[in-house]
Amino acid sequence: MIGTVPIDMSRPAWDDDSAVSGWRGLPTLDGDCAADVCVVGLGGSGLAAVADLLGRGLDVVGIDAGRVAAGAAGRNGGFLLGGPATFLHIALSMWGPCAVDLYRATLAEIDSLEALLGSSVVRRTGSIRLAGIPDTQADPADVRDCADLTKCLRENNIAVEEYSGELGHGIFLPDDAVMNPARRAVGMAAALAGRARLHEYTPAVGIEPGAVTTPTGVIRCDLILVAVDGRLECVLPQLDGRVRTARLQMLATDPVAPGRLPCPVYGRWGYDYAQQDASGRMYVGGGRDLFAEEEWTFSGEPTARVQNYLGSLAELFAGEPVSVNARWAASVGFTADGRPLCCYVDDGVIAFGGYNGTGNLVGPVAARAAVALGLDAIEVPKYLSS
Ligand SMILES: Cc1cc2nc3c(=O)[nH]c(=O)nc-3n(C[C@H](O)[C@H](O)[C@H](O)COP(=O)(O)OP(=O)(O)OC[C@H]3O[C@@H](n4cnc5c(N)ncnc54)[C@H](O)[C@@H]3O)c2cc1C
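Residues numbered from 1 in each chain as written. Predicted model: local features only at pLDDT ≥ 70, side-chain atom pairs only at ≥ 80, totals over all residues. Heavy atoms only, no water.

- An unreviewed UniProt entry annotates the protein chain as FAD-binding oxidoreductase originating from Rhodococcoides yunnanense.

**Points about the overall build of the protein chain**
Piece 1. Within the protein chain one finds ten helices and 18 strands.
Piece 2. Taking 21 Å as the expected radius of gyration for a compact globule of 386 residues, we find that the protein chain reaches 20 Å, a close match to that expectation.
Piece 3. Each of the three principal axes of the protein chain carries a C-alpha extent, and together these read 60 × 50 × 40 Å.
Piece 4. Relative to its 386 residues, the protein chain shows a buried fraction of 59%.
Piece 5. Looking at the protein chain alone, contacts between residues at least 24 apart form 73% of all its contacts between residues at least 6 apart.
Piece 6. For the protein chain, the accessible area works out to roughly 15,000 Å², and carbon and sulfur atoms hold 51% of it.
Piece 7. Mean positive and mean negative side-chain charge positions of the protein chain (30 and 46 charges, respectively) differ by 1 Å. (Helix = DSSP H or I, 4+ residues; strand = E, 2+ residues; numbered from the N terminus. Rg over C-alpha atoms; globule rule 2.2 N^0.38 Å. Buried < 20%, exposed > 50% of the residue type's maximum accessible area, 1.4 Å probe, protein only. Contact = heavy atoms within 4.5 Å. Areas by Shrake-Rupley, 256 points an atom, 1.4 Å probe, with all protein chains shown as cover. Lys, Arg positive; Asp, Glu negative; His and termini not counted. Charge placed at Lys NZ, Arg CZ, Asp CG, Glu CD.)

**Digging into the site of the ligand**
Piece 1. Around the ligand sit 34 residues in total, of which Ser45, Asp64, Ala73, Asp229 and Asn360 are the nearest.
Piece 2. Within the backbone of Gly359, a nitrogen or oxygen atom sits 3.1 Å from a nitrogen atom of the ligand.
Piece 3. Separating an oxygen atom of the ligand from a backbone N or O atom of Asn360 is a distance of 2.8 Å.
Piece 4. Contact with the protein chains covers 93% of the free accessible surface of the ligand, which is 1,000 Å².
Piece 5. Secondary structure elements with two or more residues in the shell around the ligand: helix H2 (44-55), strand E12 (244-253) and strand E16 (324-334). (Near = heavy atom within 4 Å. Polar contact = N/O pair within 3.5 Å; in protein donor to acceptor, adjacent residues only side chain to side chain.)

**A look at the environment of Asp101**
Piece 1. Note that Asp101 resides in helix H4 (residues 98-117).
Piece 2. Under the relative-accessibility criterion, Asp101 is labelled partly exposed at 47%.
Piece 3. Residues Asp101 and Pro381 lie 280 residues apart in sequence; the distance between their C-alpha atoms is 8.8 Å.

**Concerning the side chain of Ser127**
Piece 1. By the element assignment, Ser127 lies in strand E4 (residues 127-130).
Piece 2. With relative accessibility at 0%, the residue Ser127 sits in the buried group.
Piece 3. A distance of 2.7 Å separates the side chain of Ser127 from the side chain of Asp176, its partner in a polar contact.
Piece 4. Setting aside residues no more than four positions away along its own chain, Ser127 makes contact with Leu81, Ile171, Phe172, Leu173, Asp176, Cys263, Pro264 and Tyr266.

**Describing the UniProt feature "domain: FAD dependent oxidoreductase" (unreviewed entry) in the protein chain**
Piece 1. In this numbering, the UniProt entry assigns the feature "domain: FAD dependent oxidoreductase" (unreviewed entry) to residues 36-372.
Piece 2. Measuring from the first to the last C-alpha atom of residues 36-372 gives 14 Å, for a span that is 30% helix and 28% strand. (UniProt positions renumbered as here; feature names shortened; annotations may be inferred.)

**Brief notes about unusual backbone geometry**
Piece 1. Even without being glycine, Ala69 reaches a positive phi, approximately 55°.
Piece 2. In this structure, Ala69 sits in the loop between strand E2 (60-63) and strand E3 (79-80).
Piece 3. Of the residues examined, Ala69 reaches a relative accessible area of 3% and is grouped as buried.
Piece 4. The phi torsion at Asn356 lies on the positive side, around 60°, for a residue other than glycine.

**Section: the pattern of salt bridges**
Where side chains of opposite charge bring their charged atoms close, a pairing between them can arise.
Piece 1. For the structure on display, the rule yields 18 salt bridges.
Piece 2. Close ionic contact of Asp111 with Arg124 constitutes a salt bridge, the shortest N to O distance being 3.0 Å. Of the two residues, Asp111 is situated in helix H4 and Arg124 in the loop between H4 and E4; the sequence distance between them amounts to 13 residues.
Piece 3. By relative accessible area, Arg124 is classed as partly exposed at 37%.
Piece 4. Arg247 is paired through a salt bridge with Glu295; the nearest N and O atoms lie 2.9 Å apart. Residue Arg247 is found in strand E12, and its partner Glu295 is found in helix H8 (residues 292-295); the two are separated by 48 residues along the sequence. Neither residue differs from the other here; Arg247 and Glu295 are each classed as buried. (Salt bridge = Lys/Arg side-chain N within 4 Å of Asp/Glu carboxyl O.)

So, in C-alpha cells, the structure goes:
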C-alpha cells in the first residue's frame, strides 16, 4: 500500500491500450558503438529529436533508461494544447511577442503528429478551459482570466469560442487535440526504430563531450542531446537551480456515461484536468497546487492525499460516482520564468526540458530548436531559455 493507494493500482492506465501492452520493445545496447548524434531520453521530445535528425540523413543512436516514454511522456493527461503552460496573455506580458511564436509552433506540432500517427491517435477534438471545475463556484478571478485570455487569443487570430454547458462556463479552443500519450510514444518509436538505433533499458550513467557511458557500452558521437524533462537536474547536476522537479499525479476510472466530456477539459486555472475515451473511461489529474510542498519531489509514486483529491475531482468531472482502477504519477521539470530550457551544458552536449507541466507539444518544439542549435549553430528562439 502507498498510504491508502493499493499498490496493484499503481500503473498508468494508458498502458491498457493494446498498441502499448503489445509493444515488442527495443534491444538494450550491447557493447560500444559510434554515431553522429546520441539522444538520451526517448519520450515525446527525444523521439521528435530522433525524427528531425534522421530527416537530415544523420546516423542516430537513442537510449532510454526504461521503456520508451517510461517517464511523463507516457504517463500524462494526453492534452495537446496550443501554447506553453503559461496562458498566452500572461506569457506575452512576461516574454514579449515570442510567446505567440511558441503558440503557433505548438499548433504546427499537432499537424506533424497527426500526419505521422494518424487521426486515430491524435484526435482533433478541441479543448475546453473552464473557469472553476464542474458543479463548483468559480473563483471570479478565474472567470476574468478566461475573458482576458479570450481577448488575447482573438487579437492574435487564434481560434477561441465561449463555452457554456453542463460542465460550467469557460472557453472552447477548437485547434487543440487529445491522445493516449503512451500510444503516441510507442507509435513514434515503431516508426523510427528501423532507421535509428534505439535502445530501451539503457541508462546514461555518464555524459561528457563526445561520449555517453551506459552500463553495457559507450556511445561515441559528435553531438549529445539530453531530452529529459523531470529529474533533468539529476541527469545533469550542472542544471540544478535552473530546473526543479515536481510530481504530477493522475487516476483512471471504470467507464461512466460516455460523452460527458466532449473533449479534454481543464479548469481551476488549468490545475485540474480530465479526458474521457470512447468507452466512457475517465483519466483525471491535477491538484498539484493544493499539495505544492510535498509535490516538489523526485519520487514518481502516487500518494494518498493527492489521490483522494483526484477521486473527488473525478466524480465532479464525471457527474456521477466513479470507481477508480488505476493510479499513477511522474516527474516533470519547472523553470523560474515558465520558459522551457534549451541550452548547451558542455561542449557538444545540449539539454532541453523544463516544460512546466505542459510538454507534449512544447517538448518537440524544443527538440527541433536543439537540433538547429547543435547542427546549424542557430540561436534558440526567445521563448526558450538558453
Ligand atoms: C501526470 C502528468 C500529466 C501531464 N499532462 C500533460 C498534458 O496533458 N499535456 C502536456 O502537454 N503535458 C502534460 N504533462 C507534461 C508532459 O508529460 C511532459 O512535459 C512531457 O511528457 C515531457 O516529455 P519528454 O520527452 O521531454 O521527457 P520525459 O517524459 O521526462 O522523458 C524522458 C525520458 O528519459 C528517460 N531518462 C531519464 N534519465 C535517463 C538517463 N539517465 N538515461 C537514459 N534515459 C533517461 C526517461 O526514462 C524518460 O523516458 C503531464 C505530466 C504529468 C506527469
